[in-house]
Amino acid sequence: MTSGLWELVLTGTWTTIQLLVLSALLAAAVSFVVGIARTHRLWIVRFLASFYTEVFRGTSALVMIFWVFFVLPLAFGWQLVPLWAGTLALGLTYGAYGSEIVRGALNSVDPAQREGGIALSFTPWQRMRLILLPQAVPEMIPPFSNLLVELLKGTALVSVMGMGDLAFSGNLVRLALQESAEIYTYVLLIYFVIAFLLTRLMRGLEHRLKAGVAR
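All values reported here derive from a predicted model rather than from experimental measurement.

### Remarks on the pattern of salt bridges
In a structure, side chains of opposite charge can pair up when their charged atoms sit close to one another.
Then comes step 1: All told, the structure shown has four salt bridges when counted by the stated rule.
Then comes step 2: Between E100 and R38 there is a salt bridge; the shortest N-O distance is 2.1 Å. Highlighted residues: E100 in helix α4 (residues 82-107) and R38 in the loop between α1 (3-37) and α2 (43-57), separated in sequence by 62 residues.
Then comes step 3: Among the salt bridges present, the one from K153 reaches E150, with a minimum N-O distance of 3.1 Å. Of this pair, K153 and E150 both sit in helix α6 (residues 124-154), three residues apart, which is roughly one turn of the helix.

And the structure:
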C-alpha cells in the first residue's frame, strides 16, 4: 500500500479508538446507574430500569444506529454527527448489557454484609459506596472485559453512516487496490491488537482491585 492509503487506515483506526472510548464511558455510566436502580427498594425504580434493559437488549445495535442517525433528527429537528450518533447508540445498547453485570455482581455480595451496614446505621448510599461496590466491582471486571471487546467489534457498525472508522477506511482501501485478502487481513489484525491490549488492561485492573479488597 502507498503511504496515503496507510494514512487512511491509521486515521480510521484512531476514529475507531475515539468511538470506543466515548461509547465505553457512556456504557459504563449507564451500566452502573441502571444496574444499581435494578436493586432499588422501590418497585417503580426497578420496573423502569428493567424496562430500559429489556428494550435495548431486545433491539439490534445496527437498527439503533439507524434510528439515532436518521429518525431522531425527524423527531427533534437536529442532526447528530456520526461520531456522537454512534456513541449514543452503542453506549445505550451496551450499557443495557452492562447493567445486568452490575445487578448480578451486587446481588452476589453476601447478604450479611448488607445487614452489617444496616446494623451500623449506614444510609442506603453509604452501604452501596462503602460495602457493596468495593466487593462487587472486582467481580464485574471479567464480564466487563468481554463486553468491552464486543463493543470494539460493534464499532464497525457505524460504517453504515459513512463514518470513517477502521472498517469503513479498510473498505475504501480495498476498493482502491482491488485487493480483499491483504486489506481485510490487516484490518483483522488491527482489531485483534486493540482487543488484546484491552483485555490485558482489564486483567491488570482486576488484579489491582482484588488486591485492594484483600488489604
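### Things to note about the environment of E139
Then comes step 1: Relative to the helices and strands, E139 is located in helix α6.
Then comes step 2: Given a relative accessible area of 45%, E139 falls into the partly exposed group.
Then comes step 3: With 127 residues separating them along the chain, E139 and G12 place their C-alpha atoms 34 Å apart.

### Section: a nonpolar patch on the surface
Then comes step 1: Where nonpolar side chains cluster on the molecular surface, the patch consists of L42, W43, I44, F47, L48, F51 and V55 and spans about 720 Å² of accessible area.
Then comes step 2: Turning to its location among the elements, F47 is positioned in helix α2.

### Quick word on the side chain of S145
Then comes step 1: Among the secondary structure elements, S145 is positioned in helix α6.
Then comes step 2: What S145 contacts, discounting residues up to four positions off in sequence, is T199 and M202.

### Digging into helix α3 (residues 61-76)
Then comes step 1: Taking 1.5 Å as the rise per residue, α3 with 16 residues should run 22 Å; its terminal C-alpha atoms sit 21 Å apart, in good agreement.
Then comes step 2: Residue V68 marks the point of greatest curvature in α3, where the axis turns by about 35°.
Then comes step 3: Residues of α3 that are buried: A61, M64, I65, V68, F69, L72 and P73.
Then comes step 4: By the N-cap criterion, in which a side-chain oxygen at the helix start approaches the backbone nitrogen of a residue two or three places on, α3 is capped by S60, the distance to L62 being 3.2 Å.
Then comes step 5: Looking one or two places after α3, you find G77, whose phi comes out positive at around 80°.

### Topic: the packing of aromatic side chains
Aromatic ring pairs are described here by two measures, namely the spacing of the ring centres and the angle between the planes.
Then comes step 1: All chains considered together, the criterion is met by nine aromatic pairs.
Then comes step 2: Arranged with centres 4.6 Å apart and planes meeting at 40°, the rings of Y52 and F56 form a pair that is tilted. Taken as a pair, Y52 and F56 lie in helix α2 at a separation of four residues, close to a single helical turn. There is no split in this pair, since Y52 and F56 are both buried.
Then comes step 3: Put simply, the rings of W43, F47 and F51 touch in pairs and so form one group of aromatic residues.

### Considerations on the packing of α3 against α4
Then comes step 1: The contact between α3 and α4 brings their axes to 9 Å, and the two run at 135°. Put simply, α3 runs oblique to α4. You can see that α3 and α4 cross each other, and the crossing is right-handed. Seen from α3, the contacting residues are A61, M64, I65, V68, F69 and L72; seen from α4, they are P82, A85, L88, A89, L90 and T93.
Then comes step 2: Taken together, the residues of the contact of α3 with α4 sort by class into 11 nonpolar, one polar and no charged.

### Here we look at the environment of L133
Then comes step 1: Assignment of secondary structure puts L133 in helix α6.
Then comes step 2: Taking the C-alpha atoms as reference, L133 lies 30 Å from W84; in sequence the two are 49 residues apart.
Then comes step 3: Once residues lying within four places of it in the same chain are set aside, the contact partners of L133 are F32, L106, M128, P138 and M140.

### Focus: α2
Then comes step 1: With 15 residues, α2 extends 21 Å from end C-alpha to end C-alpha; this agrees with the ideal 21 Å at 1.5 Å per step.
Then comes step 2: All of the buried residues in α2 are A49, Y52, T53 and F56. Projection of α2 onto a plane perpendicular to its axis shows the buried side chains occupying an angular sector of 95°, all on one side. Looking at α2, the residues exposed on the side facing more than 90 degrees away from the buried face are W43 and F51.

Rules of the game
- Residues numbered from 1 in each chain as written.
- Predicted model: local features only at pLDDT ≥ 70, side-chain atom pairs only at ≥ 80, totals over all residues.
- Heavy atoms only, no water.
- Salt bridge = Lys/Arg side-chain N within 4 Å of Asp/Glu carboxyl O.
- Helix = DSSP H or I, 4+ residues; strand = E, 2+ residues; numbered from the N terminus.
- Buried < 20%, exposed > 50% of the residue type's maximum accessible area, 1.4 Å probe, protein only.
- Patch = residues over 30% accessible without salt bridge, like charges linked within 9 Å, V, L, I, M, F, W, Y side chains within 5 Å.
- Areas by Shrake-Rupley, 256 points an atom, 1.4 Å probe, with all protein chains shown as cover.
- Contact = heavy atoms within 4.5 Å.
- Expected span 1.5 Å × (residues − 1).
- Bend = angle between axes of the 7 residues up to and from the residue.
- Polar contact = N/O pair within 3.5 Å; in protein donor to acceptor, adjacent residues only side chain to side chain.
- Phe/Tyr/Trp six-rings, centres within 6.5 Å; stacked < 30°, edge-to-face > 60°.
- Axes fitted to C-alpha atoms, helices over the stretch in contact; angles between N-to-C directions.
- Parallel < 35°, antiparallel > 145°, perpendicular 65-115°, else oblique.
- Left-handed = near helix turned anticlockwise from the far one by under 90°.
- Nonpolar A, V, L, I, M, F, W, Y, C, P; charged D, E, K, R; others polar.
- Arc of directions from axis to C-beta.

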